[in-house]
Structures are given as structure tokens and as C-alpha cells.
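Descriptive analysis of the structure
In case you want the letters, here they are:
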Amino acid sequence: MKHPTRLLIAIGLVAALGACSDDAAEKQAASPTTATAVAGAQPTATTGALPATTSLASESTAPGAAGSAPSHIISLSAAATEMLFAIGAGPQVIAVDALSNYPADAPVTDLSGFEPNVEAIAAMEPDLVVLSDDINNVVAGLGALTIPVVQTPAAVTIDDTYAELVALGDATGHRDEAAQVIKSMQVDIAKIVAD
């Protein structure tokens, strides 16, 4: 298992520093964890303090369920792309948005997280789409096509970053690897703070 990248640590530190302001605390309080079902699905709970929305076609096909880890993931979030690769889900990622430039071997496409196109996403036949924002009602559009979605808004606190890693680990079948990345980040951050 490789150590998490410096960018993941930087994301965590920025989130932690942002939590020091009253503004960040208000945002955290205003965005509780939610789970939304699409196309008659059962709600799927998210973990931690992450203000995430998980939309699944059905509970039996939930990403990360036993024997059904997704093998065709599309990431429309640069932060999520890096996290997916950090937890070992990189081989499952078939496409990322044009702004996901790390790691270098991520399969970059002309897909956009800022102007998502449901038809272009669906044409790649993903079994999981990870995104940060529900722009143009893309979550509902993908849900109508029974394409599972994990929405992980930008982290506000370091705990949000950890919760995103847990959520992505659960969704991709890499729960243990996500826990290892979190532990490594905690150790590295503790060293940075001590220095």
C-alpha cells in the first residue's frame, strides 16, 4: 500500500484550517449527512459527518456490496479521483473528468464535472459515477437510467475528508484500504503538526 499523496494531506489540512472559522462550522451544520434513493431504491446510509448523497438503483446492486464491487467507475471530481486511486480503486476507474490530472495515469476524458452530460456519461456504461455537485440534475438523470451515483461534496473539515474516503472505500470494495489511507494521513498530519 502506497502512502497517501501530498495532495490528499494538503486537502485534509486545508479542510482542517477551514473548520477553524465560524463560517465553516455553519456550513457543516447546514449540510447534514443525507441518503437519497433513485428509481424506487432503498436509501443507503453514508458514514461519518460527510454531507454526501448516495443514489442507488437497488440495494442488491449497491456499489461495494459483496461480490458486486463496481468495475466501471467514472469520477467527475478531481478530489474523488485522487482518493479512488489512493485507496486502490484506480484499476476500476474507466474515465475521469477533464480536470482530474492526478495521478498521471488516470484515464482523462473530455467529460465535465461542471457541465455534466448524462448521455455522454451513460454512453461509457459505468456501474458507478462519483461526483461532487448535482449540476443540471445529473444525479436524477443517472438515477433514471439506474446508474448508481455517489455524491461527495467538497470537504469542509478533516473529518469530512476521512468520511469521503470511507464512503468511497465502501462504494468500491476498498474499505480496508481506505482505513489504511486514513491512518497514514493521521500519522503524517500529526508529524506535520508536531514539527
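The structure presented is a predicted model; accordingly, all values stated were derived computationally and were not measured.

Rules used throughout
Residues numbered from 1 in each chain as written. Predicted model: local features only at pLDDT ≥ 70, side-chain atom pairs only at ≥ 80, totals over all residues. Heavy atoms only, no water. Core = buried A, V, L, I, M, F, W, Y, C linked by side-chain atoms within 4.5 Å. Buried < 20%, exposed > 50% of the residue type's maximum accessible area, 1.4 Å probe, protein only. Helix = DSSP H or I, 4+ residues; strand = E, 2+ residues; numbered from the N terminus. Contact = heavy atoms within 4.5 Å. Expected span 1.5 Å × (residues − 1). pLDDT = per-residue confidence, 0-100. Pairing = 2+ DSSP bridges. Axes fitted to C-alpha atoms, helices over the stretch in contact; angles between N-to-C directions. Parallel < 35°, antiparallel > 145°, perpendicular 65-115°, else oblique. Left-handed = near helix turned anticlockwise from the far one by under 90°. Nonpolar A, V, L, I, M, F, W, Y, C, P; charged D, E, K, R; others polar. Polar contact = N/O pair within 3.5 Å; in protein donor to acceptor, adjacent residues only side chain to side chain.

**Things to note about the nonpolar core**
Counting 23 residues, the largest nonpolar core has Leu84, Ile87, Val130, Leu165 and Leu168 as the members making the most contacts within it. Listing elements by their share of this core, those giving two or more residues are helix 3 (78–86), strand 3 (93–96), strand 4 (128–131), helix 6 (158–172) and helix 7 (175–194). Here Leu165 is in contact with Met83, Ile87, Ala178, Val181, Ile182 and Met185, once residues within four sequence places are set aside. Formed by 13 residues, the second largest nonpolar core is a distinct cluster that contains Ile74, Leu111, Ile121 and Leu142.

**Description of unusual backbone geometry**
A negative phi angle characterises most non-glycine residues, just as the trans form characterises most peptide bonds. Here the residue pair Tyr102 and Pro103 is connected by a cis peptide bond, since its omega of 0° sits within 30 degrees of zero. As for its placement among the helices and strands, Pro103 is situated in the loop between strand 3 and helix 4 (118–123). Even without a glycine there, the phi angle at Glu125 is positive, about 55°. Judged by relative accessible area, Glu125 falls into the exposed class, the value being 63%.

**So, helix 3**
Where helix 3 is concerned, the buried positions are Ala80, Thr81, Glu82, Met83, Leu84 and Ala86. Note on helix 3: the residue one or two positions beyond its end, Gly88, has a positive phi of about 95°.

**As for helix 6**
The end-to-end C-alpha distance of helix 6 is 21 Å, a good match for the 21 Å that 15 residues give at a rise of 1.5 Å each. Counted residue by residue, helix 6 has 13 buried out of 15 residues, so it is predominantly covered. Gly173 sits one or two residues past helix 6 and shows a positive phi near 85°.

**Some thoughts on the environment of Leu145**
Structurally, the position occupied by Leu145 is in the loop between helix 5 (138–144) and strand 5 (149–151). With a relative accessible area of 45%, Leu145 lands in the partly exposed category. Separated by 27 residues in sequence, Leu145 and Val118 place their C-alpha atoms 9.2 Å apart. Not counting residues up to four positions away in its chain, the partners in contact with Leu145 are Val118 and Ala122.

**Focus on the confidence of the model for the protein chain**
Summary statistics for the protein chain give a mean pLDDT of 77 and a share of 66% for residues scoring 70 or more. Note that residues 17–52 has pLDDT below 50 and, in this model, 63 contacts with residues that lie over four places away or in other chains. The low-confidence segment residues 55–62, where pLDDT is below 50, has 19 contacts with residues more than four positions distant or belonging to other chains.

**A short note on the pairing of strand 4**
Of the two faces of strand 4, the one holding Leu128 and Val130 and the one holding Val129 and Leu131 are both buried throughout. Here 3 bridges tie strand 2 (residues 73–75) to strand 4, and the two strands are oriented parallel to one another. Counterpart to Ser75 in the pairing with strand 4 is Val130.

**Focus on the packing of helix 3 against helix 6**
The geometry of helix 3 relative to helix 6 is characterised by a closest axis approach of 10 Å and an angle of 60° between their N-to-C directions. With respect to helix 6, the axis of helix 3 lies oblique. The way helix 3 lies across helix 6 gives a crossing that is right-handed. Where helix 3 approaches helix 6, its residues Ala80, Met83 and Leu84 are matched on the opposing element by Thr161, Glu164, Leu165, Leu168 and Thr172. A class-by-class count of the residues in the contact of helix 3 with helix 6 yields 5 nonpolar, 2 polar and 1 charged.

**Topic: the environment of Asp97**
Mapping Asp97 onto the fold places it in the loop between strand 3 and helix 4. The buried category is assigned to Asp97, whose relative accessible area is 5%. If we ignore the near neighbours within four places in the chain, the residues touching Asp97 are Ser75, Leu76, Ser77, Ala78, Thr81, Val108, Thr109, Leu111, Ser112 and Gly113. Here Ser100 takes part through its side chain, which lies 2.4 Å from a polar atom of the side chain of Asp97.

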